[in-house]
Amino acid sequence: MNKHFTASSIPKGIHCLSLRLTDEYSSNAHARRQLPAPELLPLLSDNSYHHFILSTDNILAASVVVTSTVASSLRPEKIVFHVITDKKTYAGMHSWFALNSVSPAIIEVKGVHQFEWLTRENVPVLEAVESHNSIRNYYHGNHVARDLSPLWDIDLKGKVNGAVETCRGEDEWVMSKRFKNYFNFSHPLIANNLDSEECAWAYGMNVFDLHTWRKTSIRETYHSWLRENLKSNLTMWKLGTLPPALIAFKGHVHAIDPEWHMLGLGYQNKTDIESVKRAAVIHYNGQSKPWLPIGFEHLRPFWTKYVNYSNDFVRNCHIMET
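Residues numbered from 1 in each chain as written. Predicted model: local features only at pLDDT ≥ 70, side-chain atom pairs only at ≥ 80, totals over all residues. Heavy atoms only, no water.

**So, the overall build of the protein**
Looking only at helices and strands, one finds 12 helices and eight strands in the protein. Whereas a compact globule of 322 residues would reach a radius of gyration of roughly 20 Å, the protein reaches 20 Å, a difference of no more than 12%. If you line up the protein on its principal axes, its C-alpha atoms span 55 × 45 × 40 Å. Put simply, the protein has 322 residues, and 50% of those count as buried. Pairs at least 24 apart in sequence give 71% of the contacts found in the protein among residues at least 6 apart. With an accessible surface of roughly 16,500 Å², the protein has 52% of that area assigned to carbon and sulfur atoms. Between the mean site of the 33 positive side-chain charges and the mean site of the 32 negative ones, the protein shows a separation of 3 Å. (Helix = DSSP H or I, 4+ residues; strand = E, 2+ residues; numbered from the N terminus. Rg over C-alpha atoms; globule rule 2.2 N^0.38 Å. Buried < 20%, exposed > 50% of the residue type's maximum accessible area, 1.4 Å probe, protein only. Contact = heavy atoms within 4.5 Å. Areas by Shrake-Rupley, 256 points an atom, 1.4 Å probe, with all protein chains shown as cover. Lys, Arg positive; Asp, Glu negative; His and termini not counted. Charge placed at Lys NZ, Arg CZ, Asp CG, Glu CD.)

**Focus: the sheet that holds strand E1 (residues 50-55)**
Pairing between sheet strands relies on hydrogen bonds along the backbone, with the strands arranged either parallel or antiparallel. Taking strand neighbours across the sheet as the criterion, the three strands line up as E1-E2-E3 in an open arrangement whose pairing is parallel. Here the strands that pair on one side only, and so sit at the sheet edges, are E1 and strand E3 (106-111). Across the sheet, the axes of successive neighbouring strands diverge by a mean angle of 15°, strand direction being ignored. Sheet topology places strand E2 (residues 79-85) next to E3; six bridges connect them, and they run parallel. Looking across to E3, one finds that isoleucine 84 is bridged to lysine 110. Along the sheet, helix H4 (residues 87-99) contacts E2 and E3; its crossing angle with E3, the most-contacted strand, is approximately 160°. (Pairing = 2+ DSSP bridges. Axes fitted to C-alpha atoms, helices over the stretch in contact; angles between N-to-C directions.)

**A word on the pairing of E3**
Summarising burial for E3: five of the six residues are buried, a large majority. For the segment spanning E2, H4 and E3, crossover handedness is right-handed. (Right-handed = clockwise from strand over helix to strand, strands pointing away.)

**Comments concerning the packing of aromatic side chains**
Within the structure shown, the criterion is met by 12 aromatic pairs. Ring geometry for phenylalanine 183 against phenylalanine 185: centres 6.5 Å apart, planes inclined by 80°, an arrangement best described as edge-to-face. Look at phenylalanine 183 and you get buried, because its relative accessible area is 6%. Note on phenylalanine 185: relative accessible area 23%, which makes it partly exposed. An angle of 70° between the planes, with centres 5.2 Å apart, marks the rings of tryptophan 213 and phenylalanine 249 as edge-to-face. Of this pair, tryptophan 213 sits in helix H7 (residues 210-213) while phenylalanine 249 sits in the loop between helix H9 (242-248) and strand E7 (253-255); the two residues are 36 residues apart in sequence, bridging distant segments of the chain. Accessibility expressed as a relative area gives 3% for phenylalanine 249, which makes it buried. Linked through ring pairs, Trp201, Tyr203, Phe208, Trp213 and Phe249 together constitute an aromatic cluster. Positioned above the aromatic ring of tyrosine 49 is the side chain of lysine 78, whose terminal nitrogen or guanidinium carbon lies 4.1 Å from the ring centre. (Phe/Tyr/Trp six-rings, centres within 6.5 Å; stacked < 30°, edge-to-face > 60°. Lys NZ or Arg CZ within 6 Å of the ring centre and 35° of its normal.)

**So, the nonpolar core**
Formed by 61 residues in total, the largest nonpolar core has its most connected members in Leu17, Phe97, Ile282 and Trp303. At eight residues, the largest contribution of residues to this core is made by helix H3 (residues 59-72). Every residue in contact with isoleucine 282, bar those within four places of it in the chain, is listed here: Asn142, His143, Val144, Arg146, Met262, Leu265, Val276 and Phe302. Ala163, Phe179, Ala200 and Ala245 belong to the second largest nonpolar core, which has 21 residues in total. (Core = buried A, V, L, I, M, F, W, Y, C linked by side-chain atoms within 4.5 Å.)

**Focus on the state of the cysteines**
Considering all chains together, one arrives at two disulfides under this definition. Across the disulfide from cysteine 16 sits cysteine 317; the S-S distance is 2.1 Å. The sign of the S-S torsion, about -75°, decides the handedness of the disulfide formed by cysteine 16 and cysteine 317: left-handed. Of the two residues, cysteine 16 is situated in helix H2 (residues 12-27) and cysteine 317 in the segment after helix H12 (312-316); the sequence distance between them amounts to 301 residues. Each member of the pair cysteine 16 and cysteine 317 is classed as buried. (Disulfide = S-S within 2.5 Å.)

Encoded structure:
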């Protein structure tokens, strides 16, 4: 129980960082500068660049994902980051990246409130989040990335979503997930539409073919199942973003090599260090996040090496290297 409360809490240092950066947004014009610069705006939709979408309300974690990706990339000048956060965190998130350059990469920061099409009527997940605050605990930016440019050469075989399957592998704790682990098969809609033994896949590092996606009804399927779950008082699956995606992307997933996305660094301390070193993206999914005191000591350095502890905001919030 204590571990659960620790995992779902926000450390004082990270809370302080968000508050101070939000205040900086109000008082410092440079913290409010346009991201990216006006002359770079066309690159936000330039298909010759490698586009990464990062959705999180954790400023420190977002900085680690971006910094590690840029530092590890063979061609950082071809990277465009699209950071999406909530309304509460937007000012602080914008301040961080306005004051801390990611050059030669390009970055934009958007709040969900800035998307005109994102309304409660056409995205019911917003209603679920408002009604059940515990869902928010599942939205984190808890990754470290290496050079990911080869991902753009992966042939998805006409599928939409390139993902690592999580039903097979040497790690039986992390890589043993099937639909029965996420869905309530006593619910008739679930029992009649899904196979309990179907292999699950990892959300958190995915490659999407947007051109192919636009030809499908994935979005409509996703929203339809969210509405059904709301009608059922959220009893159709475990809380989180993965279960409805498992349904929506059913038949649209191409399995990619597990070394592209190594999971479980927040679950257990038996993670193989050599495998961590080889992986393109390491994912601290689980309760033991690297920024929490319950994070595994021998796995934390892979994350903390990308934290700028000399930054004034980081230092003043007493976020210390451990």
